[in-house]
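# Examination of the molecular architecture
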Amino acid sequence: MTITLRPAGAPDAEAVAQVLIESRNALLPFAPMAHPAAEVRTWIATVLIPAGGVHLAICEGQTVG
């Protein structure tokens, strides 16, 4: 299994959001998210990724981190 890292771009917003939401729900099921998933997705696409510094971990063509 090989994991590659690369900078995230605008087309990756949904994958980044999915990893964030799923991992948070799995690891912190007792703490509800402060914002609905739709708002988190919008923030990732319009603020987080455009600001830079977001990288993806890709394994076998899937975003895993």
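The text that follows walks through the structure, step by step, so that each part is easy to find. Computed from a predicted structure; not experimentally measured. Per chain, residue numbering runs from 1 following the sequence as it is written. Whole-chain, interface and lining totals are the exception, using all residues; otherwise, since this is a predicted model, local features are given only for residues with pLDDT of at least 70 and side-chain atom pairs are given and counted only at 80 or more. Hydrogens are left out, water is left out, and the side-chain values use all remaining heavy atoms of the structure.

### A look at the sheet that holds strand β3 (residues 62-63)
Spatially, the 3 strands line up as an open sheet ordered β1-β2-β3, and their pairing is antiparallel. Every other strand in the sheet has two partners, leaving β1 (3-7) and β3 as the edge strands with one partner each. The pairing criterion is simple: DSSP has to find at least two bridges between the two strands. Strands here are runs of E lasting at least two residues and helices are runs of H or I lasting at least four, both read from the DSSP assignment and numbered beginning at the N terminus.

### Some thoughts on the pattern of salt bridges
One speaks of a salt bridge when a side-chain nitrogen belonging to Lys or Arg is within 4 Å of a carboxyl oxygen belonging to Asp or Glu. Following the criterion strictly, the structure yields 2 salt bridges and no others. In this structure, Arg-6 engages Asp-12 in a salt bridge whose closest nitrogen and oxygen atoms are separated by 2.9 Å. Classification of Asp-12 by relative accessible area gives buried; the value is 11%. The partner of Glu-14 in a salt bridge is Arg-41, with the nearest N and O atoms 3.0 Å apart. Here Glu-14, found in helix α1 (residues 13-27), pairs with Arg-41, found in helix α2 (residues 37-51); they are 27 residues apart in sequence, far enough to count as distant. Accessible area is worked out with a 1.4 Å probe on protein chains only. A residue is then buried under 20% of its type maximum, exposed over 50%, and partly exposed in between.

### Digging into the side chain of Asp-12
Its place among the elements puts Asp-12 in the loop between β1 and α1. Throughout this description, a polar contact denotes any pair of N or O atoms lying within 3.5 Å of each other; where both atoms belong to protein, one of them has to be capable of donating a hydrogen while the other can accept it, and for residues adjacent in sequence the pair is counted only when both atoms sit in side chains. A polar side-chain atom of Asp-12 sits 2.9 Å from a polar atom in the side chain of Arg-6. Asp-12 has contacts with Arg-6, Pro-7, Ile-49 and Leu-56, leaving out every residue within four places of it along the chain. Any two residues whose heavy atoms approach within 4.5 Å at even a single point are treated as in contact.

### Things to note about α2
In an α-helix there are 3.6 residues to a turn, and that puts residues three or four apart on one side. Expected helix span is taken as 1.5 Å per residue step, with the number of steps being one fewer than the number of residues. Here α2 spans 20 Å end to end across 15 residues, near enough to the 21 Å set by a 1.5 Å rise per residue. Note on bend: the value at a residue is the angle between axes fitted to the seven residues ending there and to the seven starting there. Bending of α2 peaks at approximately 45° at the position of Ile-44. Those residues of α2 that sit buried are Val-40, Ile-44 and Ile-49. Of the surrounding elements, those touching the buried residues of α2 are α1.

### A few points about α1
Its 15 residues place the ends of α1 21 Å apart at the C-alpha level, agreeing with the 21 Å of an ideal helix rising 1.5 Å per residue. Inspection of α1 places Ala-13, Val-16, Ala-17 and Ile-21 among the buried residues, and these make up the whole buried set. Mapping the buried residues of α1 onto a view down its axis gives an arc of 120°, with all of them on the same face. Every exposed residue of α1 that faces more than 90 degrees away from the buried side is listed here: Ala-26 and Leu-27. Residues of α1 that are buried in the fold lie against α2 and β2 (55-59). Summarising the geometry, the arc corresponds to the directions from the helix axis toward the C-beta atoms.

These figures capture arrangement, not role.
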